[in-house]
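Structural overview
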Amino acid sequence: MVLAELGGSISRALQQMRNATVVDEKVLNDCLNEINRALLQADVQFQLVRDMTRNNKNIVNFGDLPAGHNKRKIIQQAVFSELCKILDPGRPSFTPKRRETSVVMFVGLQGSGKTTTCTKYAYCHKQKGWNPALVCADTSRAGAFDQLKQNATKAKIPFFGSINYAESDPVKVAVDGVETFKKEKCDLIIVDTSGRHRQEAALFEEMRQVSEAIKPDLVIFVMDSSIGQAAFDQALAFTQSVAVGAVIVTKMDGHAKGGVQSSFTVMWEYTEVAATKSPVTFIGTGEHIDEFEVFDVKPFVSRLLG
Ligand code: GDP
């Protein structure tokens, strides 16, 4: 089910409830059943849907509502806040502070849009007056540094990496890069890491070592919105290896493969990795450097419901 369809189905269920002459328990149940059906068709986990319905029923307790209360409004608000609750882990992400140097490490599978997102993140802070810098600690993929260099040069952001790939130790490159930019008084040092290895275990071990060496203030996990239900296992694998503190979901634009169709599913899936309790902080909406948006749960759900 595509995002717009999901939003449409939920909105229709709410509209039917609003149109009812009398809003009683049956009308409420019909409305919640319709919403359940739409969510389940969108691949939202059964348990989440069940909990949400239970919470809605508790909030809208007809027996306790004094006469004259606007039941329609209460139901509408309850549904909205339950949808928000599912997407919001209730824990804010670390936010870099001005006049301090913050180190932010990016992790994610190759192809997820990690390198592009590093530059977008740097650029969006630069636009707000920050002094960011980019470090390429991916020494395993030929061309990784060139890609970062090209992106950084276009955005006029200083960069560091293994020139001609002479240094093959990602930990050393990461540490040298962070030290260099700390000396240069950059306030936001962004470290891009490798997203592929011959063996998955080696990738996670490398990530762990880089993280231990540079002690980032924040680890951002970059996830491609078109991966659908694989999001759960992927997010879990990354968060078990490093202390992920925030998530950026890429390719939320309609042009990318999967795009908006599965992005909502990814969000739900991700929130299922409750152990991480990490919020989605930004979304990527295109290939260009400025196609990048702050992610806020409430406007997202409002937009969903139309
Ligand atoms: P990495 O291997 O994870 O570093 O991924 P890259 O940054 O090289 O990105 C892989 C591809 O995804 C590139 O073609 C990017 O232009 C593209 N890409 C990254 N983010 C987005 C996005 O938000 N929307 C779209 N449409 N493409 C994106």
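Throughout this document, residue positions are counted from 1 along each chain, in the order its sequence is written. Totals for whole chains, interfaces and linings use every residue, but because this is a predicted model, local features are given only for residues with pLDDT of at least 70 and side-chain atom pairs only at 80 or more, for both listing and counting. Each side-chain value is worked out from all heavy atoms of the structure, with water and hydrogens disregarded.

**Considerations on helix H4 (residues 71-87)**
Using the following cut-off: Strands here are runs of E lasting at least two residues and helices are runs of H or I lasting at least four, both read from the DSSP assignment and numbered beginning at the N terminus. One less than the number of residues in a helix, times 1.5 Å, gives the span that helix is expected to have. Think of it in three bands: residues with accessible area under 20% of the maximum for their type are buried, residues over 50% are exposed, and the middle band is partly exposed, with areas taken using a 1.4 Å probe on protein chains only. N or O atoms within 3.5 Å of each other form a polar contact, as long as, within protein, one can give a hydrogen and the other can take it, and as long as residues adjacent in sequence are counted only when both atoms are side-chain atoms.
Here H4 spans 25 Å end to end across 17 residues, near enough to the 24 Å set by a 1.5 Å rise per residue. Of the residues making up H4, those classed as buried are Ile-74, Ile-75, Ala-78, Val-79, Glu-82, Leu-83, Cys-84, Ile-86 and Leu-87. Capping the start of H4, Asn-70 holds a side-chain oxygen 3.2 Å from the backbone nitrogen of Arg-72, two or three residues further along.

**Considerations on the site of the ligand**
For clarity, the cut-off: Near is defined per residue: the residue qualifies when any heavy atom it owns lies within 4 Å of the molecule or strand. Accessible areas in this description were obtained via Shrake-Rupley with a 1.4 Å probe; residue shielding takes into account the shown protein chains only. When residues are grouped by polarity, Ala, Val, Leu, Ile, Met, Phe, Trp, Tyr, Cys and Pro land in nonpolar, Asp, Glu, Lys and Arg in charged, and all others, Gly among them, in polar.
Surrounding the ligand, one finds 17 residues, the nearest of these being Gly-111, Thr-115, Thr-116, Gln-147 and Asp-253. With respect to the ligand, the backbone of Ser-112 contributes an N or O atom lying 3.2 Å from an oxygen atom. Contact distances for the ligand include 3.3 Å between an oxygen atom and a backbone N or O atom of Gly-284. Relative to its free-state accessible area of 580 Å², the ligand is covered by the protein chains to the extent of 81%. Here the element with the most residues in the shell around the ligand is helix H5 (residues 114-127); it accounts for four residues. When the residues that make up the shell around the ligand are grouped by side-chain class, the tally is two nonpolar, 10 polar and five charged.

**A word on the confidence of the model for the chain**
Stated formally: pLDDT is a per-residue confidence score from the predictor, ranging from 0 to 100.
Summarising the model, the chain shows a mean pLDDT of 86, and 88% of its residues fall at 70 or more. The ipTM, which scores confidence in the relative placement of chains, is 0.99 for this predicted complex, and the corresponding pTM is 0.86.

**Let's talk about the environment of Ala-202**
One can find Ala-202 in helix H8 (residues 200-214). For the pair Ala-202 and Ser-168, spaced 34 residues apart in sequence, the C-alpha to C-alpha distance is 15 Å.

**Here's the deal with the packing of H5 against helix H6 (residues 144-154)**
Pairs of packed helices are described in terms of their axes, by the angle between the two and the distance that separates them. Short version of the rule: Axis definition: a line fitted to C-alpha atoms, limited for helices to the stretch in contact. Angles are taken between N-to-C directions and run from 0 to 180 degrees. Each angle gets one of four labels, with under 35 degrees taken as roughly parallel, over 145 as roughly antiparallel, 65 to 115 as roughly perpendicular, and the rest as oblique. Helix crossings are classified by the rotation of the near helix relative to the far one: an anticlockwise turn of less than a right angle makes the crossing left-handed, while a clockwise turn makes it right-handed. Contacts are assigned to residue pairs with any non-hydrogen atoms lying within 4.5 Å of each other.
At their nearest, the axes of H5 and H6 sit 10 Å apart, and the two run at 25 degrees to each other. With respect to H6, the axis of H5 lies roughly parallel. Crossing angle aside, the handedness with which H5 passes H6 is right-handed. Listed contacts from H6 to Thr-115, Thr-116 and Thr-119 of H5 are Gln-147, Leu-148, Asn-151 and Ala-152. Taken together, the residues that form the contact of H5 with H6 break down as two nonpolar, five polar and no charged.

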